[in-house]
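# Breakdown of the fold
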Amino acid sequence: MPHYPYQVIDWSTVPFTQHQGETGLAVWHTLQLEGLRIRRVDYSAGYLADHWCRKGHIVHCLEGELETQMENGEIFHLKTGMTYVVSDELSSHRSHTKEGARLLIIDGAFLGI
């Protein structure tokens, strides 16, 4: 298991990439470490992911509200201060926002099954 030195992340200095959804836009500020990816993701109002995801994540809602749609039809709402956790290959999910949301997302090899 990798060891990570102490570090402070100033998200305003972390480069970002833009990802077009089926509707709306996601802006990812990504810190990639060995076996670990940490992202602050901002979803625009009306964002809907353009794919179903089977990756594992720890997702914490910093601001706004996120609707997670499961391929089986279930819908979960994540509001400010709430978190969800799922391992790789245990769900097929996608994100949707009405008003937008800011998330902290952590994923990596430790979520594999």
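This text follows the structure it describes.
Being a predicted model, the structure only gives us computed values, none of them experimental.

Right, let's get into the pairing of strand S5 (residues 75–79). Where strand S4 (residues 57–70) lies against S5, five bridges are found, and the strand directions are antiparallel. Residue Leu 66 lies in a different strand from S5, and its bridge partner there is Leu 78. Counting the residues that bridge the hairpin from S4 to S5 gives four residues, and of these Gly 73 lies at a positive phi of roughly 105 degrees.

With that out of the way, let us pick up the nonpolar core. Among the nonpolar cores identified, the biggest contains 14 residues, and Tyr 43, Val 59, Leu 66, Leu 78, Tyr 84 and Leu 103 are the most heavily contacted of them. At the level of secondary structure, the elements contributing two or more residues to this core comprise strand S3 (36–43), S4, strand S6 (83–86) and strand S8 (101–108). Aside from chain neighbours lying at most four places away, what touches Val 59 is Leu 66, Leu 78, Met 82, Thr 83, Tyr 84, Leu 103, Leu 104 and Ile 105. In this structure, Leu 31, Leu 33, Leu 36 and Ile 38 belong to the second largest nonpolar core, which totals six residues.

Among the secondary structure elements, Gly 73 is positioned in the loop between S4 and S5. Relative accessible area serves as the criterion here: at 54%, Gly 73 is assigned to the exposed category. Sequence spacing of Gly 73 and His 93 is 20 residues, and the spatial spacing of their C-alpha atoms is 9.6 Å.

One non-glycine residue, Glu 89, lies in positive phi territory at about 65 degrees. Mapped onto the secondary structure, Glu 89 falls in the loop between S6 and strand S7 (93–96).

This part is about the packing of aromatic side chains. Scanning the entire structure with this criterion turns up one aromatic pair. Between the aromatic rings of Tyr 43 and Tyr 47, the centroid separation amounts to 4.4 Å while the plane-to-plane angle is 20 degrees, which identifies the pairing as stacked. For the residue pair Tyr 43 and Tyr 47, the accessibility class agrees, reading buried in each case.

Here we come to the environment of Ala 49. For Ala 49, the position within the fold is in the loop between S3 and S4. Separated by 45 residues in sequence, Ala 49 and Arg 94 have C-alpha atoms that sit 5.7 Å apart. Those residues in contact with Ala 49 that lie beyond four places of it in its chain are Glu 22, Arg 94 and Ser 95.

Take the pattern of salt bridges next. The full count for this structure, using the stated rule, is seven salt bridges. For Asp 42, the salt bridge is made with Arg 102, and the minimal N-O distance between the two is 2.5 Å. Here the residue Asp 42 occupies a position in strand S3, and Arg 102 occupies one in strand S8, the gap between them amounting to 60 residues. For Asp 42, a relative accessible area of 17% translates into the label buried. Residue classification places Arg 102 among the partly exposed residues on the basis of a relative accessible area of 24%. Taken together, the shared-partner salt bridges connect Arg 40, Asp 42, Glu 63 and Arg 102 into one network.

Analysis parameters
Residues numbered from 1 in each chain as written. Predicted model: local features only at pLDDT ≥ 70, side-chain atom pairs only at ≥ 80, totals over all residues. Heavy atoms only, no water. Pairing = 2+ DSSP bridges. Helix = DSSP H or I, 4+ residues; strand = E, 2+ residues; numbered from the N terminus. Core = buried A, V, L, I, M, F, W, Y, C linked by side-chain atoms within 4.5 Å. Buried < 20%, exposed > 50% of the residue type's maximum accessible area, 1.4 Å probe, protein only. Contact = heavy atoms within 4.5 Å. Phe/Tyr/Trp six-rings, centres within 6.5 Å; stacked < 30°, edge-to-face > 60°. Salt bridge = Lys/Arg side-chain N within 4 Å of Asp/Glu carboxyl O.

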